[in-house]
Amino acid sequence: EGTSLADIRQTFGIQQLAMQYLATESQVNVQLGRVDLLNYYQEHIDQYTFPTRVKWQEIRVSITPQQDRAAAIKKLNEVVQALQEGSEFSEVAREFSDGPTAVQGGNWDWTKEDSLADQKLNEELFSLDAGAISRIIETPQHFRIIRVTEREEARVTPFEELQLELRKEIIARKRQEKTAEVLEKLKQTATIMTIFDDDPEVAETMRNINKLD
């Protein structure tokens, strides 16, 4: 590739020196009191606010060219009967559901409130308590029965639990800002050298190009 072990060693050494220089120049000495942390917490409260979310299960019976509405209702009646007889929701889902998570017992992972495109499903899902089974939800494409398995209410992480994390976050941001400042200063003052600098013809061409600027 037109290089040598000596070149690689030199490049590595220069990179290490540059990293050490940047780390040294980017150090910050920040004194943070409770008021500073509280102000930062309030300014970034959205980061520490979490909406209601649920884990849930679904039994979906679709209306398709192969399974018209009447056939779908017939299967849905079998679903309802199985649930009424005490069958496990997950087992009924595996047997009857044609939803995307049927083989997993109809299980869906944590879902945040208002994150679903289907507003009717969203309203039903977040009105249920953990363990509750919904009414039948009908759309032109399918019938659904859902069950909430876990529910976490909306919450805001208290300031008292975040003080150490907030301190680290503020210092990290200050260090990033300082690093950006150091890099910008270097860009303005540094002499840029390339692998072509030792080639007289290339160097002459570059000088001629620079004269056109």
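For the structure given in this document, a descriptive report is provided here. (Residues numbered from 1 in each chain as written. Predicted model: local features only at pLDDT ≥ 70, side-chain atom pairs only at ≥ 80, totals over all residues. Heavy atoms only, no water.)

Here we look at the pattern of salt bridges
Side chains carrying opposite charge are able to pair once their charged atoms draw close together.
Piece 1. Inspection of the entire model under this criterion finds 12 salt bridges.
Piece 2. The salt bridge partner of Arg-69 is Glu-138, with a shortest N-O separation of 2.8 Å. Of this pair, Arg-69 sits in helix H3 (residues 69-84) while Glu-138 sits in strand S4 (residues 137-138), placing them 69 residues apart in sequence.
Piece 3. Glu-138 gets classed as partly exposed once you look at its relative accessible area, which sits at 34%.
Piece 4. If you follow the salt bridges from partner to partner, you end up with Glu-58, Arg-60, Asp-118 and Arg-144 in one network. (Salt bridge = Lys/Arg side-chain N within 4 Å of Asp/Glu carboxyl O. Helix = DSSP H or I, 4+ residues; strand = E, 2+ residues; numbered from the N terminus. Buried < 20%, exposed > 50% of the residue type's maximum accessible area, 1.4 Å probe, protein only.)

A look at the environment of Asn-29
Piece 1. With respect to the element layout, Asn-29 can be found in the loop between helix H1 (5-25) and helix H2 (34-43).
Piece 2. With 142 residues separating them along the chain, Asn-29 and Ile-171 place their C-alpha atoms 8.5 Å apart.

A look at the packing of aromatic side chains
Piece 1. Under the counting rule described, the total for this entry stands at three aromatic pairs.
Piece 2. Between Tyr-41 and Tyr-48, the ring centres sit 5.6 Å apart and the planes meet at 15°, which makes this aromatic pair stacked.
Piece 3. With relative accessibility at 9%, the residue Tyr-41 sits in the buried group.
Piece 4. The interplanar angle of 10° and the centroid separation of 5.3 Å between the aromatic rings of Trp-56 and Trp-108 together place this pair among those described as stacked. With Trp-56 in strand S2 (residues 53-62) and Trp-108 in strand S3 (residues 107-112), the pair connects residues that are 52 residues apart, well separated along the chain. (Phe/Tyr/Trp six-rings, centres within 6.5 Å; stacked < 30°, edge-to-face > 60°.)

Brief notes about the environment of Ser-90
Piece 1. Its place among the elements puts Ser-90 in helix H4 (residues 89-96).
Piece 2. Along the backbone, Ser-90 and Gly-105 are 15 residues apart, and their C-alpha atoms lie at a distance of 4.1 Å.
Piece 3. With sequence-adjacent residues up to four places away left out, Ser-90 is seen in contact with Gln-57 and Gly-105. (Contact = heavy atoms within 4.5 Å.)

Remarks on the nonpolar core
Piece 1. If you look at the biggest cluster of nonpolar residues, it comprises 13 residues, and the most contacted ones within it are Ile-59, Val-79, Leu-83, Val-92 and Ile-145.
Piece 2. Counting only elements with at least two residues in this core, the list comes to S2, H3, H4 and strand S5 (142-152).
Piece 3. Counting residues per element, this core draws most heavily on H3, which supplies five residues.
Piece 4. When near neighbours in sequence (up to four residues on either side) are disregarded, Ile-145 contacts Gln-57, Glu-58, Ile-59, Leu-76, Val-79, Val-80, Leu-83, Phe-89, Ile-133, Ser-134, Arg-135 and Ile-136. (Core = buried A, V, L, I, M, F, W, Y, C linked by side-chain atoms within 4.5 Å.)

What about the layout of surface pockets?
Piece 1. Size it by volume and the largest pocket reaches roughly 410 Å³.
Piece 2. If you go around the largest pocket, the residues you meet are Thr-3, Asp-7, Gln-10, Thr-11, Ile-14, Gln-15, Ala-18, Met-19, Tyr-21, Leu-22, Leu-183 and Leu-186.
Piece 3. The set of elements that each furnish at least two residues to the lining of the largest pocket consists of H1 and helix H6 (163-189).
Piece 4. Sort the elements by how many residues they give to the lining of the largest pocket and H1 lands first, with nine residues. (1 Å grid on protein atoms, 1.4 Å probe; cavity = no way out; pocket = protein on both sides within 12 Å on 5 of 7 lines; lining within 4 Å. Points joined across faces, edges and corners; volume = space filled by probe spheres on them.)

Focus on H2
Piece 1. Looking only at H2, the buried set comprises Leu-37, Tyr-40 and Tyr-41. Angularly, the buried residues of H2 cover 100° about the axis, an arc narrow enough to put them on a single face. Summarising the geometry of H2, the exposed residues directed more than 90 degrees from the buried face are Val-35 and Glu-43.
Piece 2. Buried residues along H2 sit in contact with strand S6 (155-156) and H6. (Arc of directions from axis to C-beta.)

Observations regarding the sheet that holds S4
Piece 1. Spatial ordering of the open sheet is given by S3-S2-S5-S4, a layout of four strands whose pairing is antiparallel. If you trace the sheet from one side to the other, it starts and ends with S3 and S4, each paired once.
Piece 2. Sheet strands in contact with H3 are S2, S4 and S5, and its direction is about 35° off that of S5.
Piece 3. Contacts from H4 reach S2 and S5, with the element oriented near 35° to S2. (Pairing = 2+ DSSP bridges. Axes fitted to C-alpha atoms, helices over the stretch in contact; angles between N-to-C directions.)

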